Amino acid sequence: MDTIAPLHDPLSGVVVVVLADFLRQHQGWGWLRLVAGATPYKDVPGLTMVKVMGSGHGGGFSLRPSATHQGLICTFSHLDLALQFLDSPAVQAYRSRARECWTGVLAVQSARGHWDKQAWQASSEQALGEQTRLNDPAPFAVLTRASIVPTKAMAFWRYAPAAQADLGQTPGCLLAMGLGEVPLVRQCTFSLWKDTAAMLQYAHQGAHQTASAAAYKHQFFSESLFVRMQVLQMAGVWQGRTFQQPAFPSPGHASTVQPALQDEFARDLPTLEPSHV
């Protein structure tokens, strides 16, 4: 089990996400990360949860596993410790072996559900520090994960590929990756959005809405979690797109992004209020 905090204690703090697409010569190193799980991180200061996760072909939802795509999802008790971890040799090892790598530090705005019987809570002021402003216009991320009832796994997978395809083509979705703790039955999606309207349009229409209705009707999940998060810092390259948002932009200083994304972020984005989809 990859959870570090005691079971049933709600997780609170700051989230770190690392996405990697390893170079072919480093695939073996990547597979060893999956085998080792949480063990290499047991002494990381402030770490309260870590999940080392594989992915489907091309970094999506697929019955065919990817030999190169992986994700690392962690929670930390304080923002300073999360930023310290991003600068550590542990994360640098991912960056140096990856063809593409994206890293982000995120504040939880709202959450519902459980992961390994643990609820998540919104990031507290104590965890974020006094200098962090959560009302900055910025992209936000959504993390969804579910434990699928084994006897209903094949029924679930009849819906998943179409929903994933729609996600990758949705205007306003800046980044998306399918992840998995256990093949077929413990699945997760991480996505980055320009604004709330784009996310809602995806969530309540098309293949995703059909899949959600089927999951509710047929009770595909024994446990699930939905988390909405504001990006505090991000950096890296994913699917040919460069992301760069430094931590703690000073008042009046816009976050820097690749020119290809500048037009999208230049528009006024709505203030993100804690709410569930």
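Residues numbered from 1 in each chain as written. Predicted model: local features only at pLDDT ≥ 70, side-chain atom pairs only at ≥ 80, totals over all residues. Heavy atoms only, no water.

As for the pairing of strand β5 (residues 140-148)
Among the nine residues of β5, eight are classified as buried, and the element is accordingly described as predominantly covered. Taken together, the eight bridges between β5 and strand β7 (residues 186-193) define a ladder with antiparallel strand orientation. Along β7, the bridge assignment pairs Ser147 with Arg186. Note that β5 and strand β8 (residues 221-238) share nine bridges and pair antiparallel. Along β8, the bridge assignment pairs Ala146 with Ser224. (Buried < 20%, exposed > 50% of the residue type's maximum accessible area, 1.4 Å probe, protein only. Helix = DSSP H or I, 4+ residues; strand = E, 2+ residues; numbered from the N terminus. Pairing = 2+ DSSP bridges.)

Describing the environment of Leu174
Within the fold, Leu174 resides in strand β6 (residues 173-182). Overall, Leu174 belongs to the buried group, its relative accessible area being 7%. Counting along the chain gives 69 residues from Leu174 to Phe243, while the straight-line C-alpha distance between them is 9.5 Å.

Some points on the confidence of the model for the protein chain
Considering every residue of the protein chain, the mean pLDDT works out to 83; 81% of them sit at 70 or more. Ranking the elements of the protein chain by mean pLDDT puts helix α9 (residues 259-266) last with 33 and strand β1 (residues 14-22) first with 98. (pLDDT = per-residue confidence, 0-100.)

What to know about the side chain of Ser55
Its place among the elements puts Ser55 in strand β2 (residues 47-55). A polar atom in the side chain of Ser55 sits 2.6 Å from the backbone oxygen of Gly178. (Polar contact = N/O pair within 3.5 Å; in protein donor to acceptor, adjacent residues only side chain to side chain.)

Points about the pattern of salt bridges
All chains considered together, the criterion is met by 10 salt bridges. Linking Asp21 and Arg99 is a salt bridge whose minimum nitrogen-to-oxygen distance equals 2.6 Å. Taken together, the positions of Asp21 in strand β1 and Arg99 in strand β4 (residues 98-113) put the pair 78 residues apart, joining distant regions of the chain. Residue Arg99 is classed as exposed on the basis of its relative accessible area of 53%. (Salt bridge = Lys/Arg side-chain N within 4 Å of Asp/Glu carboxyl O.)

Comments concerning the environment of Ile148
Mapped onto the secondary structure, Ile148 falls in strand β5. Taking the C-alpha atoms as reference, Ile148 lies 7.9 Å from Leu184; in sequence the two are 36 residues apart. Residue contacts for Ile148: discarding those within four places in its chain leaves Ala153, Phe156, Trp157, Leu184, Val185, Gln187, Phe220 and Phe221. (Contact = heavy atoms within 4.5 Å.)

Observations concerning unusual backbone geometry
One non-glycine residue with positive phi stands out, namely Leu184, at about 75°. You can see Leu184 is positioned in the loop between β6 and β7. Leu184 sits in the partly exposed class, given a relative accessible area of 34%.

Points about the nonpolar core
Counting residues in each nonpolar core, the largest one holds 30 residues, and the members touching the most others are Val16, Tyr41, Leu72, Phe85, Tyr94 and Val105. Looking at this core, the elements that each hand over two or more residues are β1, β2, β3 (69-76), α2 (79-86), α3 (89-97), β4 and α4 (125-128). Ignoring anything within four residues of it in the chain, the contact list for Phe85 reads Val16, Tyr41, Val44, Leu72, Cys74, Phe76, Ala90 and Val91. (Core = buried A, V, L, I, M, F, W, Y, C linked by side-chain atoms within 4.5 Å.)

A closer look at the packing of aromatic side chains
Aromatic rings in a pair are described by how distant their centres are and how their planes are angled relative to each other. This structure, assessed with the given rule, holds 11 aromatic pairs. Ring plane angle 35° and centroid distance 5.9 Å describe the contact between Trp193 and Tyr202, whose orientation is recorded as tilted. Among the residues examined, Tyr202 registers a relative accessible area of 12% and is labelled buried. Among the aromatic residues, those joined into a cluster by ring pairs are Phe156, Trp157, Phe220 and Phe221. Its end group placed over the ring of Phe226, Arg112 keeps NZ or CZ at 5.0 Å from the ring centre. The positively charged end of Arg228 is found above the aromatic ring belonging to Phe140, 4.2 Å away from the centroid. (Phe/Tyr/Trp six-rings, centres within 6.5 Å; stacked < 30°, edge-to-face > 60°. Lys NZ or Arg CZ within 6 Å of the ring centre and 35° of its normal.)

With respect to the side chain of Arg145
Structurally, the position occupied by Arg145 is in strand β5. Among the residues examined, Arg145 registers a relative accessible area of 3% and is labelled buried. A distance of 3.0 Å separates polar atoms of two side chains, one belonging to Arg145 and the other to Glu223. Beyond its immediate chain neighbours, meaning those up to four positions away, Arg145 contacts His114, Trp115, Glu181, Arg186, Gln187, Cys188, Glu223, Ser224 and Leu225.

A look at a nonpolar patch on the surface
Taken together, the side chains of Leu63, Met154 and Leu184 present a nonpolar region at the surface, about 290 Å² in accessible area. Position of Leu63 among the secondary structure elements: in the loop between β2 and β3. When its relative accessible area of 51% is taken as the criterion, Leu63 is described as exposed. (Patch = residues over 30% accessible without salt bridge, like charges linked within 9 Å, V, L, I, M, F, W, Y side chains within 5 Å. Areas by Shrake-Rupley, 256 points an atom, 1.4 Å probe, with all protein chains shown as cover.)

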